[in-house]
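Structure at a glance
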Amino acid sequence: MKDGQGAIVEHITRVLDRLAKGSLMVLDAHFYRSRGMSFPQAMVVDPAGAYAEASRVLPESMIAMMFKLVLKSLGFSIIEVEGAVEQLRRGDSSAFLSLVSRAAHGPGKGV
């Protein structure tokens, strides 16, 4: 993982463990089997791929909610969050990665 990603992964894990524990357990088991990494790691390494793969395991609405919870917990506006998740639905990770990068490195945001 790149510099700063470890803290983001830990934050994502804490948020999802608190707010979506059962779903996180199911997805972690799946992602460890399929990719050799946790679901939060996959969210940071390949968000669009993780979104698509997770949507084959649990309902897409649940996966969207999990990604939204993570971005909201990082302090982003609902407009930024909805836009990033809509792009993930279309297979584009760029907005999500930009927000995560801002959270990891930008002032006023943080984990």
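Here, the structure is the one placed above.
Residues numbered from 1 in each chain as written. Predicted model: local features only at pLDDT ≥ 70, side-chain atom pairs only at ≥ 80, totals over all residues. Heavy atoms only, no water.

Moving on: the overall build of the protein chain. Secondary structure summary: the protein chain contains seven helices and zero strands in total. When the helices and strands of the protein chain are placed in sequence order, the string is α-α-α-α-α-α-α. Radius of gyration (C-alpha) of the protein chain: 13 Å, near the 13 Å computed for a compact globule of 111 residues. Expressed as lengths along the three principal axes of its C-alpha atoms, the size of the protein chain is roughly 35 × 25 × 25 Å. Looking at the protein chain as a whole, 42% of its 111 residues qualify as buried. For the protein chain, the share of sequence-separated contacts (at least 6 apart) that also reach a separation of at least 24 residues comes to 53%. A total accessible area of about 5500 Å² is found for the protein chain, and carbon and sulfur atoms account for 56% of it. If you average the places of the 13 positive and of the 11 negative side-chain charges in the protein chain, the two averages end up 3 Å apart. (Helix = DSSP H or I, 4+ residues; strand = E, 2+ residues; numbered from the N terminus. Rg over C-alpha atoms; globule rule 2.2 N^0.38 Å. Buried < 20%, exposed > 50% of the residue type's maximum accessible area, 1.4 Å probe, protein only. Contact = heavy atoms within 4.5 Å. Areas by Shrake-Rupley, 256 points an atom, 1.4 Å probe, with all protein chains shown as cover. Lys, Arg positive; Asp, Glu negative; His and termini not counted. Charge placed at Lys NZ, Arg CZ, Asp CG, Glu CD.)

For the structure shown, the criterion picks out eight salt bridges. Among the ionic pairs, Arg35 bridges to Asp46, the shortest N-O distance being 3.5 Å. Separated by eleven residues along the polypeptide, Arg35 in helix α2 (residues 21-35) and Asp46 in the loop between α3 (39-45) and α4 (47-55) bring together distant segments of the chain. Arg89 is paired through a salt bridge with Glu60; the nearest N and O atoms lie 2.8 Å apart. Here Arg89, found in helix α6 (residues 78-89), pairs with Glu60, found in helix α5 (residues 60-73); they are 29 residues apart in sequence, far enough to count as distant. Given a relative accessible area of 37%, Arg89 falls into the partly exposed group. Salt bridges linked by common partners bring Glu60, Glu86, Arg89 and Arg90 together as one network. (Salt bridge = Lys/Arg side-chain N within 4 Å of Asp/Glu carboxyl O.)

Turning our eyes to something else, we now look at the packing of aromatic side chains. Applying the stated rule across the entire model yields four aromatic pairs. Consider the rings of Phe67 and Phe96, whose centres lie 5.3 Å apart with planes at 70°: the pair is edge-to-face. Of this pair, Phe67 sits in helix α5 while Phe96 sits in helix α7 (residues 94-105), placing them 29 residues apart in sequence. Assigned by exposure class, Phe67 and Phe96 land together as buried. (Phe/Tyr/Trp six-rings, centres within 6.5 Å; stacked < 30°, edge-to-face > 60°.)

For Ser93, the location among the structural elements is in the loop between α6 and α7. In terms of polar contacts, Ser93 uses its side chain to reach the backbone amide nitrogen of Ala48, at 2.8 Å. (Polar contact = N/O pair within 3.5 Å; in protein donor to acceptor, adjacent residues only side chain to side chain.)

Contact geometry of α4 with α5 gives a least axis separation of 8 Å together with a crossing angle of 145°. Crossing angle aside, the handedness with which α4 passes α5 is right-handed. Across from Pro47, Ala50, Tyr51, Ala54 and Ser55 in α4, the residues of α5 making contact are Glu60, Ile63, Ala64 and Phe67. Looking at the contact of α4 with α5 residue by residue, the classes come out as seven nonpolar, one polar and one charged. (Axes fitted to C-alpha atoms, helices over the stretch in contact; angles between N-to-C directions. Left-handed = near helix turned anticlockwise from the far one by under 90°. Nonpolar A, V, L, I, M, F, W, Y, C, P; charged D, E, K, R; others polar.)

Turning our eyes to something else, we now look at α7. Taking 1.5 Å of rise per residue, twelve residues should cover 16 Å, and α7 covers 16 Å from first to last C-alpha, within 8% of that figure. For α7, the set of buried residues is Phe96, Leu99, Val100 and Ala103. Within α7, the buried residues cover an arc of 95° as seen down the axis, which keeps them to one side. Considering only its buried residues, α7 is in contact with α1 (5-19), α3, α4, α5 and α6. (Expected span 1.5 Å × (residues − 1). Arc of directions from axis to C-beta.)

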